[in-house]
Structures are given as structure tokens and as C-alpha cells.
Amino acid sequence: MTRKIFSPYELGKLKLANRIAMAPMTRSRTSQPGDVPNEIMATYYSQRANAGLIVSEGTPISAVGRGYSLTPGIYTPEHIAGWRKTTDAVHQAGSAMFVQLWHVGRRSHSVISGETPVSASALKDPDKVFGPRPDGEYDMIETETPRAMTLEDIQNTIADYVQAAHNAIEAGFDGVEIHAAHGYLLESFLRLASNQRDDDYGGSQENRMRFLLEVLSAVSDAIGAHRVAVRLSPFVIEGFADPDPEIVEITLKILEKLSPMGLAYVHFSEHISRFETVPESFRIAARAAYPNPIMVAGKLTLEGAEDLLEKGYADMVAFGTPYVTNPDLVQRFKNGWPLTDFDADARLTLYGGGSEGYTDYAPYDPSVSERSGAPELVG
Ligand SMILES: Cc1cc2nc3c(=O)[nH]c(=O)nc-3n(C[C@H](O)[C@H](O)[C@H](O)COP(=O)(O)O)c2cc1C
């Protein structure tokens, strides 16, 4: 049966082999000092270049934008040169790649970033982040209360996004995905619980969406809107105590504003950590507000993903954890081969370390009958 998910897709000026994306996943494998992308990362990504599009792990745009140790940056010459190894390898293997531009805002601590974290307001994130313990080992550590950004900080941060986007193109990426999900900086401006500003960037919905729209418009002016995407997560409650009463309304308003901009895609992250189930009414409203490419990620199965595509709620679908343990995910889907389970061992090697649990998951070999793993994700 021909499935829409395997059909080629034109995204901006890119011709993608299929509608499957590898979702952004932080894996904390950089070289130190300097958080530099390295050969092993190039191997990891190129092993997964069967996805039409790969979205890189969250990649800080500046030192103060860092929130997790050992994550790769895109703000030094070494970062640019390091990423070039990955983009070359991925392109050679036949896939396109966007870098996810990340500023974590208040989801950080000065022991990681070297500076007091910044956010919309001086309100502490309730969750923990991956960072160094006093004994030098890495673990999940408490966040630090941020300072509220000044208007000058906001302008400087927009400039940092623009510079990071230029750096990304120089590093060989096909585009950038602006991370505005999961409680990080840009989402902290959108939500009432983290934004108590009384200037042009707080209060009304128009004001709370201003920073995000200014970033998207400045980055689009810099590298072309067709190379700019954005990730949103209105139904995820990561980094917050409670759901936001206005998040659906503000998200739909953002989609209306983005509609004429000609962005590469809008990416909805669903179904991670604490979340609410996405109602079909939202998918219908989002499609009505935004006729351009939509990508959806979050606990998708092959059948669930195909269903979203067939119903027109998504144009591309992204898989995260299935790509951790199945480097050849598209081939497994196409052939109905079982997936290697994302099990407790896989979770242990997610962040930090070397090749173990990173580049050592083998492609499926149909000549070997006994395989580990459960086929639960095959629809
Ligand atoms: C180890 C790991 C790291 C992740 N890092 C990021 C990240 O850097 N940026 C981001 O937007 N989402 C991140 N995510 C969320 C994924 O992109 C994806 O939305 C999530 O895993 C749900 O999709 P899945 O069920 O197919 O795994 C991460 C998820 C995992 C498992």
C-alpha cells in the first residue's frame, strides 16, 4: 500500500525524500572545552539520514542561552566548523537538516551558563535541568531564579538569534527551527505564569507574543523565511506547574500572524513529560488558521502519523525516541520490520557519554531472526 508518509515532499526549496522528520533530541555528546560538535555526532546523525528532514538537538545561540551541560552551541567559530562535519555527512547520506536554535531562558543555572539566567520575569522554573553536581558528576539539578530581561536584553537576544541563523547557514544547515516550546525563553513570554511584565512584552496576548514574532521576523529577514521554522507546545506543561488558560487562544493568534510569512513549517510538540491530550478541535482550528506546512511530533506510531497526514492535520511527522534505538527507522517502517524498543537501558545512555547507546544501535538485519525489541510502535 502506498502511504502518504513515504511520499516525497517539497519543503520550501528542499525536496525531501519523505514526510518523516527526526525530532530534535538533546544527547549531550559534545567535545570539551567549548561544547563543540564532533565526529561522533556526525556519525549519529548520518546513521539516521533516512528521515526526509533531521532537526538537530537543541543548540544554544549564546552562553547565557545554555541550560544543559555538554550541549552543542552555534555561536563560536569552533561550533560552526564542528557542525559542518554533521551537515556534510547528513547531506551525503541524502537527508536535509535544520538546526534547532535554543535559548533556555530560566531553565538553567549559572553553574551551567556562567551567568544568571534570564527570562520574561524573575520567576523560578519549577523543574530541574541536566548540570554539574558539586562533586563534578552530572545529574538533574535545581534551576536558579532568573532575572527579568531588560528591553536591551530583548534586542540583544534578537541579534543573537540572527547571528546564530547566519552561523547555521555557514555551518551548512538547510534552515533553522526556533525553539519556542517546553517552557524555554520564548514560551516564557507567551505564558501568564512566567510573564508578569508591564511593558510592551507583557500583559495582553499581543504583547506576550511580540518577542517571538520579532525573533521570527528578524531571522526570516536574515536568511529567508523558507529556511525558518518554529516549534510550539501549547498542550505540554513542561516547566510550569499548571496549564495556561490562554495558551490555545494565543497559539491560534500566533498561527494567524505567521500565516503570510512563508515559514518552512510550524512544528507542534505534543505528548512529552506532563501534557494534555490535543483535542481534534485544536487540530481543525490550527489548520484553518495556518494553511502552510505543519509538523507534528509526540508518541506517534506509523499508523497514527499516517492518520494525521491523511486527515490534513499535518504535512510532516516527526519521531524522537524511535530514532534513538532505530537508526534505520524509515526502512523498518517501509518493510514492516520490528522496532527496537526504547527501553530502560536506552534511557540510561540518553545524555552524556560516548558511542554506547548513541551510535551503536544497528540497522535491522532481516537475515537474523532473533532480534531484541518489541514491535509495539509498528502500526
Ligand atoms: C532524549 C531526548 C531529548 C530531547 N531533546 C529535545 C530538544 O533538544 N528539543 C526539543 O524541542 N525537544 C526535545 N525532545 C522532545 C522530542 O523532540 C520529541 O518531541 C519527544 O521525544 C516526543 O516524540 P517521541 O514520542 O517520538 O519521542 C527530546 C526528547 C528526548 C527523548
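Refer to the preceding data block for the structure.
First, a word on what this report is: a plain description of the structure on this page. Here the residue numbering is sequential within each chain, running from 1 through the sequence in written order. pLDDT decides what is reported in this predicted model: residues at 70 or higher carry local features, side-chain atom pairs at 80 or more are listed and counted, and totals for whole chains, interfaces and linings draw on all residues regardless.

Here we take up the overall build of the protein. The number of helices and strands found in the protein is 13 helices and 14 strands. Both definitions apply: the radius of gyration is a C-alpha atom measure, and the globule rule equals 2.2 Å times residues to the power 0.38. Taken over C-alpha atoms, the radius of gyration comes to 20 Å for the protein, in line with the 21 Å a tight globule of 379 residues would show. Any residue surrounded by 20 or more other C-beta atoms within 10 Å of its C-beta is treated as buried, while 12 or fewer makes it exposed and the intermediate range makes it partly exposed; C-beta atoms here are placed from the backbone. Residues counted as buried form 49% of the 379 residues belonging to the protein. Here, residues touch in the contact sense if the C-beta positions derived from the backbone fall within 7 Å of one another. Counting contacts in the protein only where the partners sit at least 6 residues apart, residues at least 24 apart contribute 75% of the total. Counting from the N terminus, the helices are the DSSP runs of H or I reaching at least four residues and the strands are the DSSP runs of E reaching at least two.

To continue, consider the sheet that holds strand 3 (residues 20–22). Taking strand neighbours around the barrel as the criterion, the eight strands line up as 3-4-5-10-11-12-13-14 in a closed arrangement whose pairing is parallel. The sheet shows a mean angle of 25° between the axes of neighbouring strands, taken without regard to direction. As judged from the four bridges shared by strand 12 (residues 265–269) and strand 13 (residues 294–297), these two strands associate in the parallel manner. Within strand 13, the position partnered with Val266 by the bridge is Ile294. Between any two strands, at least two bridges found by DSSP are needed for them to pair. Note on geometry: axes are lines fitted to C-alpha atoms, helical ones only across the stretch in contact, with angles between N-to-C directions running from 0 to 180 degrees.

Now for the site of the ligand. The full set close to the ligand counts 22 residues, and Ala23, Thr26, Gly58, Gly320 and Thr321 are the nearest of them. Those elements giving two or more residues to the shell around the ligand turn out to be strand 4 (53–60) and helix 11 (321–325). Residue composition of the shell around the ligand, grouped by class: ten nonpolar, nine polar and three charged. In this text, near has one meaning. A residue is near a molecule or strand if its C-beta atom, placed using the backbone, is within 6 Å of it. Classification convention: Asp, Glu, Lys, Arg as charged; Ala, Val, Leu, Ile, Met, Phe, Trp, Tyr, Cys, Pro as nonpolar; all other residues, Gly among them, as polar.

In this model helix 4 (residues 151–170) runs 29 Å from its N-terminal to its C-terminal C-alpha over 20 residues, within 8% of the 28 Å that 1.5 Å per residue would give. Along helix 4, the residues that are buried comprise Ile154, Thr157, Asp160, Tyr161, Ala164, Ala165, Asn167 and Ala168. All buried residues of helix 4 project into a common sector of 160° when viewed along the axis, lining one side. Set apart from the buried face of helix 4 by more than 90 degrees, the exposed residues are Leu151 and Glu152. Considering only its buried residues, helix 4 is in contact with helix 2 (77–92), strand 5 (96–102), strand 10 (175–179) and helix 7 (210–223). Remark: Gly172 follows helix 4 within two positions and exhibits a positive phi of approximately 100°. Helix span, as expected, comes to 1.5 Å for every residue beyond the first. Comment: arc refers to directions from the helix axis out to C-beta atoms.

Pairing of strand 7 (residues 128–132) with strand 8 (residues 138–142), which is carried by five bridges, proceeds in the antiparallel orientation. By the bridge assignment, Pro132 is partnered in strand 8 with Tyr138. The antiparallel pairing of strand 7 with strand 8 creates a hairpin that spans five residues between the two strands, and Gly136 there sits at a positive phi of about 95°.

For strand 5, the tally of buried residues reaches seven of seven residues, placing the bulk of the element in the interior. Of the two faces of strand 5, both are covered, the one formed by Ala96, Phe98, Gln100 and Trp102 as well as the one formed by Met97, Val99 and Leu101. In the sheet, strand 4 pairs with strand 5 via six bridges, with the strands oriented parallel. When the sheet's bridge partners are listed, Leu53 is paired in strand 5 with Ala96. The handedness rule is simple: strands pointing away from the viewer, and a clockwise path from the first strand over the helix to the second, make the crossover right-handed. Handedness of the β-α-β unit built from strand 4, helix 2 and strand 5 comes out right-handed. Judged from the four bridges that link them, strand 5 and strand 10 form a sheet pairing that is parallel.

Membership of the largest hydrophobic core comes to 98 residues, with the highest contact counts inside it found for Val266 and Val317. No other element matches strand 5, which puts six residues into this core. If we skip the residues at most four places from it in the chain, Val317 touches Ile5, Arg19, Ile20, Met295, Val296, Leu300, Ala305, Leu308 and Leu309. A set of buried residues drawn from Ala, Val, Leu, Ile, Met, Phe, Trp, Tyr and Cys, joined through C-beta atoms within 7 Å, is what defines a nonpolar core.

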